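Chain by chain, the residues run as shown.
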Amino acid sequence: MAVRAASDTVTAGGGTKIAIRDAAVRLFGAKGFEQTSLREVADAVGITKASLYYHYASKLDLLLAIIDPIIDHMRAVVEDIDAVPHDAEGVRAVLRTYLRGMIRNRDAGALCVRDTVAIINAMADRYPDMMDSNQRLRSWLAGPDADDEAMLRACAALEVLGVALLSKEFVPGAADSLLESTLLDAATCVLTACGTA
């Protein structure tokens, strides 16, 4: 994923909807969801506010367009998870797939840090789906007949991978490949206790 340089404007054209989303991510992340007006988003893209409304009916719809890909990715990871062998290779493949989705959506990380309450409110209808997907993934990672320690390790491994979503806030210069290798190794280590008893 190439990181686009932030600028004062985003060029509109064939990808106007994407340009609006990108401008909103940048502005919501910098100023906050509540503090950013749709007029500012439209101006950043170089379109009228009416044109913005053609693509997104409200500021909430625009926020959901930023958040939904993360939730959709979580759902996709667990959709056929029971068909994946629960061995070292299968677990690492599932962790990698989950992590790549977090990396792909890390542009929304600043927004997640700054406006947690707005995001939770926006996700109200989607929260059960997200929690169900997360629970299924945690249970699968913990393995069959998991004890409390295995469940805690599965939870901790997913938290480690979640760092990718916030990485632009914490380590803005980190390359995707470094994020993937470092966090995948760390999550795998958490699951396996890194060889300790």
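As a reminder, the structure under discussion sits directly above these lines.
Residues numbered from 1 in each chain as written. Predicted model: local features only at pLDDT ≥ 70, side-chain atom pairs only at ≥ 80, totals over all residues. Heavy atoms only, no water.

### Focus on the overall build of the protein
Applied cut-off: Numbering of helices and strands starts at the N terminus; helices are DSSP runs of H or I of at least 4 residues and strands are runs of E of at least 2. A 1.4 Å probe rolled over the protein chains alone gives each residue an accessible area, and that area as a share of the maximum for its type sets the label: buried under 20%, exposed over 50%, partly exposed in between. Contacts: residue pairs with any heavy atoms within 4.5 Å of one another. Throughout, the Shrake-Rupley method with a 1.4 Å probe supplies accessible areas, and for residues the shown protein chains are the sole cover considered. Charge counting follows a simple rule: Lys and Arg are positive, Asp and Glu are negative, and His as well as the terminal groups are ignored. In plain terms, the charge of a residue is placed at NZ if it is Lys, CZ if Arg, CG if Asp and CD if Glu.
The secondary structure content of the protein amounts to 11 helices and zero strands. In the protein, the order of α-helices and β-strands from amino to carboxyl end is α-α-α-α-α-α-α-α-α-α-α. Dimensions along the principal axes, computed over C-alpha positions, put the protein at roughly 60 × 35 × 30 Å. For the protein, the proportion of its 197 residues judged to be buried stands at 43%. Contacts in the protein between residues far apart in sequence, at least 24 positions, make up 72% of those at least 6 positions apart. Roughly 10,300 Å² of accessible area belongs to the protein as shown, and the carbon and sulfur atoms make up 56% of that amount. The average position of the 20 basic charges and that of the 27 acidic charges among the side chains of the protein differ by 8 Å.

### Examining a nonpolar patch on the surface
We count it as follows: Patch membership requires over 30% relative accessible area and the absence of a salt bridge. Like charges are linked within 9 Å, and nonpolar side chains (Val, Leu, Ile, Met, Phe, Trp, Tyr) within 5 Å. Salt bridges are defined as contacts in which a side-chain nitrogen from Lys or Arg sits within 4 Å of a carboxyl oxygen from Asp or Glu.
Together, V163, F170 and V171 make up a nonpolar patch on the protein surface, roughly 270 Å² of accessible area in all. Inspection of the secondary structure assignment puts V163 in the loop between helix 9 (148–162) and helix 10 (167–170).

### With respect to the environment of A174
Looking at the element boundaries, A174 is found in the loop between helix 10 and helix 11 (176–192). A174 gets classed as buried once you look at its relative accessible area, which sits at 10%. Excluding residues within four positions of it along the chain, A174 makes contact with R106 and L179.

### Structural notes on unusual backbone geometry
Even without glycine at this site, D145 takes up a positive phi of about 55°. Phi at A193 is positive, roughly 65°, even though this residue is not glycine. Within the secondary structure layout, A193 lies in the segment after helix 11. Classification of A193 by relative accessible area gives buried; the value is 13%.

### Quick word on the state of the cysteines
Short version of the rule: The term disulfide is used for any two cysteine sulfur atoms that are within 2.5 Å.
A full pass over the atoms with the stated rule returns one disulfide. C155 carries a free sulfur, and the closest cysteine sulfur to it, the one in C189, is 17 Å from it. The class for C155 is partly exposed, based on a relative accessible area of 27%.

### Some points on the packing of helix 4 (residues 59–79) against helix 5 (residues 88–104)
As a reminder, the rule being used: Fitting a line to C-alpha atoms yields each axis, with helices limited to the stretch in contact; the angle taken between N-to-C directions then spans 0 to 180 degrees. Here the angle decides the label: under 35 degrees means roughly parallel, over 145 means roughly antiparallel, 65 to 115 means roughly perpendicular, and every other value means oblique. Residues are grouped as follows: nonpolar covers Ala, Val, Leu, Ile, Met, Phe, Trp, Tyr, Cys and Pro; charged covers Asp, Glu, Lys and Arg; every other residue, Gly included, is treated as polar.
Where helix 4 contacts helix 5, the axes come no closer than 10 Å and their chain directions differ by 170°. Judged by the inter-axis angle, helix 4 sits roughly antiparallel to helix 5. Taking contact as the criterion, the partners of I70, H73, M74 and V77 in helix 4 are, on helix 5, V94, T97, Y98, G101, M102 and R104. Taken together, the residues that form the contact of helix 4 with helix 5 break down as six nonpolar, three polar and one charged.

### Description of the nonpolar core
For soluble globular proteins, the rule of thumb is that nonpolar side chains tend to be buried together. Here is the rule we go by: Throughout this description, the term nonpolar core refers to a set of buried Ala, Val, Leu, Ile, Met, Phe, Trp, Tyr and Cys residues connected via side-chain atoms within 4.5 Å.
F28, V41, L63, L137 and L141 are the most contacted members of the largest nonpolar core, which totals 60 residues. For this core, the element with the most residues is helix 4, which contributes 10 residues.

### Considering the pattern of salt bridges
Using the criterion set out here, one finds 11 salt bridges in the structure. A salt bridge links D72 to R75; the nearest nitrogen and oxygen atoms lie 2.9 Å apart. Linking D72 with R75, this pair stays in helix 4, spanning three residues, or about one helical turn. Note that E149 is salt-bridged to R153, the shortest N-O span being 3.0 Å. Here the residue E149 and the residue R153 both occupy positions in helix 9, the gap between them amounting to four residues, near one helical turn. On the basis of relative accessibility, which here comes to 45%, the residue E149 falls in the partly exposed class. On the accessibility criterion, R153 (23% relative accessible area) is partly exposed. Each of R21, D22 and D107 takes part in salt bridges that share partners, so that together they form one network.

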